[in-house]
Amino acid sequence: WVARTRHLLMIPDYFHFRLCGVIANEYTDATTTQLLNLDGTWDKDLFAAAGLKQIWMQPPVAAGTVLGEARFGGKAVNVVAGTTHDTASAVVGTPFEAETEAFLSSGTWSLMGVESVVPYASAQALQWNFANEGGFGRRYRVLKNIMGLWLLQRITQEFQVPIDDALMSAVAEAAPWRSIVNPDDARFLNPDSMTQAIKEYCVETGQPAPETLAQFGRCALESLALSYRLVKEQLESLRGQSLTRIRIVGGGSKNRLLNQLCANACQLPVSAGPVEASALGNICSQMIALGEIPSLDAARAVIRQSFEINEYRPLEPVPDSVWKKFSNLLHQK
């Protein structure tokens with residue numbers, strides 16, 4: 001295959017090619033290959049190390065580029081390379097109002113970060129494992145991957161119950177801060193039994209193991225909220241500036257308890273919604289390209305006016321003893 005290869009296209013790029021015959025690599029998706037330099041050019045040394053040919057790639061086109069035309073029923077239709085990476089689209093669909101706001105794309109996995117016109121490539125950013133992924137307008141999504149509702153999904157799967165209001169009410173009534181885990185510990189990626197993995201972790205770290213479904217759920221959501229606080233504080237340190245709000249988008253934005261725990265842990269107001277931020281952001285990037293919406297700010301204003309956004313104010317802060325315990329867990333192997 002390598003000998004026969006002439007071009008390498010990501011899946012969205014391939015769709016564009018099939019629609020209009022144009023071979024192009026879109027910027028936001030290209031940045032996630034780890035083969036692109038921070039200046040937006042392909043890295044020849046990385047290609048050589050991987051045994052690939054840089055000639056396969058096109059200079060990345062910006063999100064919101066009209067590539068060509070497709071014909072349907074005898075009519076010409078523009079083919080636009082929108083923000084083809086799903087998180088890039090979700091960030092476009094995040095209705096920011098200030099540069100001091102962070103995004104949290106919440107679902108099975110969580111991605112938390114800020115939108116920036118410059119990359120964050122310091123030694124500290126590297127040590128904390130932040131990525132500089134591409135965004136609309138050649139911006140950077142300075143973000144960090146965090147475990148998400150995968151924990152709760154696996155727990156409820158084992159108990160054979162849905163994640164619904166009844167479950168969340170029971171979790172909300174469970175005793176707070178009884179057991180916490182480091183959600184990003186490798187043992188929680190895909191264990192045979194999530195509940196057993198959590199029990200073993202708690203025993204190893206000298207904590208009472210959860211026993212009931214509500215206790216397992218409380219452990220999962222509180223641990224996620226503590227992870228959000230950790231990333232929030234790391235972002236503030238990298239930026240040298242305090243954050244003023246967290247905007248949660250995606251399917252996880254419907255989890256009211258997790259949203260409130262996030263507000264409490266981070267001691268910041270939280271705005272939750274829209275749910276379908278990725279679809280909305282991709283549509284908006286195409287509408288900007290076609291001149292239907294004048295700018296990214298205008299697109300976000302339309303989203304704020306068109307979809308329900310729920311607000312959460314910070315209530316009880318995390319006890320100092322709990323935060324200290326969580327910080328200690330992060331350093332245990």
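To be clear, the structure that these remarks concern was listed above.
Residues numbered from 1 in each chain as written. Predicted model: local features only at pLDDT ≥ 70, side-chain atom pairs only at ≥ 80, totals over all residues. Heavy atoms only, no water.

This part covers a nonpolar patch on the surface. The grouping of I11, Y14, F15 and F17 at the surface amounts to a nonpolar patch, some 410 Å² of accessible area in total. On the secondary structure map, I11 appears in helix 1 (residues 11–20). A residue is classified by how much of its surface remains accessible, and I11, at 58% relative accessible area, is exposed. (Patch = residues over 30% accessible without salt bridge, like charges linked within 9 Å, V, L, I, M, F, W, Y side chains within 5 Å. Areas by Shrake-Rupley, 256 points an atom, 1.4 Å probe, with all protein chains shown as cover. Salt bridge = Lys/Arg side-chain N within 4 Å of Asp/Glu carboxyl O. Helix = DSSP H or I, 4+ residues; strand = E, 2+ residues; numbered from the N terminus. Buried < 20%, exposed > 50% of the residue type's maximum accessible area, 1.4 Å probe, protein only.)

Among all positions of helix 6 (residues 150–159), only W150, L151, L152, R154, I155 and T156 are buried. Phi turns positive, to about 60°, at Q160, one or two residues after helix 6.

Another aspect to go through is the pattern of salt bridges. Pairing is possible between side chains that carry opposite charge, provided their charged atoms lie close to one another. Per the counting criterion, the structure on display carries 14 salt bridges. Here R300 makes a salt bridge to E115, at a shortest N to O gap of 3.0 Å. Of this pair, R300 sits in helix 12 (residues 296–306) while E115 sits in strand 4 (residues 109–116); the two residues are 185 residues apart in sequence, bridging distant segments of the chain. For the pair R300 and E115, one class covers both residues: buried. Put simply, E97, E101, R245, R247, R304 and E311 are held in one network by salt bridges that share partners.

Moving on: the packing of helix 9 (residues 213–239) against helix 10 (residues 256–266). Two numbers describe how helix 9 lies on helix 10: the axes approach to 8 Å, and their chain directions differ by 45°. Regarding the angle of helix 9 to helix 10, the classification is oblique. Crossing handedness for the pair helix 9 and helix 10: right-handed. Contacts between helix 9 and helix 10 involve R218, L221, E222, L224, A225, Y228, R229 and K232 from the former and L257, L258, L261, C262, A265 and C266 from the latter. Each residue belonging to the contact of helix 9 with helix 10 can be placed in one class, and the counts come to 10 nonpolar, no polar and 4 charged. (Axes fitted to C-alpha atoms, helices over the stretch in contact; angles between N-to-C directions. Parallel < 35°, antiparallel > 145°, perpendicular 65-115°, else oblique. Left-handed = near helix turned anticlockwise from the far one by under 90°. Contact = heavy atoms within 4.5 Å. Nonpolar A, V, L, I, M, F, W, Y, C, P; charged D, E, K, R; others polar.)

Burial runs high along strand 4: 7 of the 8 residues are buried. Two strands pair when backbone bridges link them, and strand 3 (residues 101–106) and strand 4 are joined in this way by 4 bridges, in the antiparallel orientation. If you follow F103 over to strand 4, its bridge partner there is G113. Between strand 3 and strand 4, which pair antiparallel in sequence order, lie 2 residues. Where strand 4 and strand 6 (residues 140–147) come together, 8 bridges link them in antiparallel fashion. Bridge pairing in strand 6 places M112 opposite K144. (Pairing = 2+ DSSP bridges.)

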